[in-house]
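# Survey of secondary and tertiary structure
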Amino acid sequence: MPVWDDYKATAKSRGALAMELYVLQSTPIDPLRIPDLLPDHLAYQKVLEDKGVLVMAGPLSDESGTLMEGAGHIVYRAESLDAAKAIAEADPMHKEGVRSFTIRKWLVNEGSLSFTLSLSSQSVSVG
């Protein structure tokens, strides 16, 4: 099985982006308490976003795609896996035991993002 850092170096050498991020899956433990902590969780996410730590975050549906069960994915920029874990542990949802999480390194190699910058309205849309 390849060692992570060796794989990352190989990806970079072949011209891939090889940007290391941290992906967290947050799973409900006590779903009834989620609405109470949601404002604090969202405020924490906003602080992380303003600091450039939060890349993306949002809820996941159930497997049918029809129900919202309170699970979510969060992507962080961090110096290390331990640093990313500390960021996740400070999230009010995890700190209060309302959700648990798993976290993994993610090596972003391919893909694209699209956005529109409208100068007259001074707005940006992502799509």
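These notes cover the structure that comes with them.

Rules used throughout
- Residues numbered from 1 in each chain as written.
- Predicted model: local features only at pLDDT ≥ 70, side-chain atom pairs only at ≥ 80, totals over all residues.
- Heavy atoms only, no water.
- Helix = DSSP H or I, 4+ residues; strand = E, 2+ residues; numbered from the N terminus.
- Buried < 20%, exposed > 50% of the residue type's maximum accessible area, 1.4 Å probe, protein only.
- Contact = heavy atoms within 4.5 Å.
- Areas by Shrake-Rupley, 256 points an atom, 1.4 Å probe, with all protein chains shown as cover.
- Core = buried A, V, L, I, M, F, W, Y, C linked by side-chain atoms within 4.5 Å.
- Salt bridge = Lys/Arg side-chain N within 4 Å of Asp/Glu carboxyl O.

A few words now on the overall build of the protein chain. Broken down by element type, the protein chain carries 4 helices and 6 strands. Reading the helices (α) and strands (β) of the protein chain from amino to carboxyl end gives α-β-α-β-β-α-α-β-β-β. Expressed along its principal axes, the backbone C-alpha trace of the protein chain runs to roughly 50 × 50 × 35 Å. Within the protein chain, the proportion of its 127 residues that are buried is 29%. A sequence separation of at least 24 residues applies to 63% of the contacts in the protein chain between residues at least 6 apart. By element, 56% of the accessible surface of the protein chain is carried by carbon and sulfur atoms, the whole surface being about 8700 Å².

Below, the discussion takes up unusual backbone geometry. Phi is positive for Ala18, close to 55°, though the residue is something other than glycine. Relative to the helices and strands, Ala18 resides in the loop between α1 (4–13) and β1 (19–28). Backbone geometry at Gln122 places phi at a positive 50°, although glycine is not the residue there. Mapped onto the elements, Gln122 comes out in the loop between β5 (115–118) and β6 (123–126). According to the relative accessible area criterion, Gln122 is exposed, its value standing at 75%.

With that settled, the discussion passes to the environment of Lys95. Assignment of secondary structure puts Lys95 in helix α4 (residues 92–95). Lys95 sits in the exposed class, given a relative accessible area of 63%. Along the backbone, Lys95 and Ile29 are 66 residues apart, and their C-alpha atoms lie at a distance of 12 Å. Filtering out sequence-adjacent residues up to four positions away, Lys95 remains in contact with Glu89 and Ala90.

As a further point, take the nonpolar core. Membership of the largest hydrophobic core is limited to 12 residues, which are Tyr22, Leu24, Tyr44, Leu48, Val53, Leu54, Ile74, Tyr76, Ala84, Ile87, Ala88 and Ile103. At the level of elements, β1, α2 (34–51), β3 (68–76) and α3 (81–89) are the ones that each hand at least two residues to this core. Each residue touching Val53, except ones within four places of it in the same chain, is listed here: Leu48, Val75, Tyr76, Arg77 and Ile87.

We now examine the pattern of salt bridges. Taken as a whole and assessed by the stated rule, the structure comprises 5 salt bridges. The shortest N-O distance in the salt bridge between Arg33 and Asp30 comes to 4.0 Å. Among the residues examined, Arg33 registers a relative accessible area of 31% and is labelled partly exposed. Note that Arg33 and Glu96 form a salt bridge whose closest N and O atoms lie 4.0 Å from each other. Note that Arg33 is positioned in the loop between β1 and α2 and Glu96 in the loop between α4 and β4 (99–108), a separation of 63 residues in sequence. A single network of salt bridges, built from pairs that share partners, joins Asp30, Arg33 and Glu96.

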